[in-house]
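Given next are the chains, with one letter for each unit.
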Amino acid sequence: STPTKIFEAGALGRVMLLPATVPIRDLCSHGSEALLFEPDDFGAFERAVRSFLHDSSPAREAAAALRRHVLGEHTWDGHAERLAAWLQQLRTTPT
């Protein structure tokens, strides 16, 4: 499935505190684009929240990086351009 809410919040530059599940790890990396925690580890979640409350600047930098990533790679126009390029390649590739 597509993590639409992450794309939407990321495009708005919101700080993301997310469970480190496979689809989320495929989109975000801990510390550089979001704050991730192990889904079944409440202590990890608590530490991430406390870390953000203590010093929000790393999380805000991660939010800005995620925004750049989302707006650069995950827009409808970007998807349409990649699809058009792929279809063009299919038409020009000999079978």
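Since the structure is predicted, the reported quantities are computational estimates derived from the model, not experimental observations.

Caption draft 1: Layout of the packing of aromatic side chains. Evaluated as defined, the whole model comprises two aromatic pairs. Taking the centre distance of 5.0 Å and the plane angle of 70° together, the rings of phenylalanine 37 and phenylalanine 45 count as edge-to-face. With a relative accessible area of 12%, phenylalanine 37 lands in the buried category. Assessed through its relative accessible area of 29%, phenylalanine 45 is described here as partly exposed. Arranged with centres 6.0 Å apart and planes meeting at 40°, the rings of phenylalanine 42 and phenylalanine 45 form a pair that is tilted. One end of the pair is phenylalanine 42 and the other is phenylalanine 45, both in helix H3 (residues 42-54) and three residues apart, which spans about a single turn. What links up through ring pairs into an aromatic cluster is the set Phe37, Phe42 and Phe45.

Caption draft 2: View of the environment of serine 51. Within the secondary structure layout, serine 51 lies in helix H3. On the basis of relative accessibility, which here comes to 43%, the residue serine 51 falls in the partly exposed class. Between the alpha carbons of serine 51 and glycine 13 there is a distance of 19 Å; along the sequence they are 38 residues apart.

Caption draft 3: Broad picture of the pattern of salt bridges. What the rule picks out here adds up to four salt bridges. A salt bridge links lysine 5 to glutamate 8; the shortest N-O distance between them is 3.6 Å. On the criterion of helical spacing, the pair formed by lysine 5 and glutamate 8 is a turn pair, its members being three residues apart in helix H1 (residues 4-11). Exposure remark for lysine 5: the relative accessible area of 63% places this residue in the exposed category. Here glutamate 46 and arginine 50 are joined by a salt bridge, their closest N and O atoms 3.0 Å apart. Highlighted residues: glutamate 46 and arginine 50, both in helix H3, separated by four residues, approximately one helical turn. Using a relative accessible area of 34% as the deciding quantity, one classes glutamate 46 as partly exposed.

Calculation notes
- Residues numbered from 1 in each chain as written.
- Predicted model: local features only at pLDDT ≥ 70, side-chain atom pairs only at ≥ 80, totals over all residues.
- Heavy atoms only, no water.
- Phe/Tyr/Trp six-rings, centres within 6.5 Å; stacked < 30°, edge-to-face > 60°.
- Buried < 20%, exposed > 50% of the residue type's maximum accessible area, 1.4 Å probe, protein only.
- Helix = DSSP H or I, 4+ residues; strand = E, 2+ residues; numbered from the N terminus.
- Salt bridge = Lys/Arg side-chain N within 4 Å of Asp/Glu carboxyl O.

Structural measurements only, silent on function.
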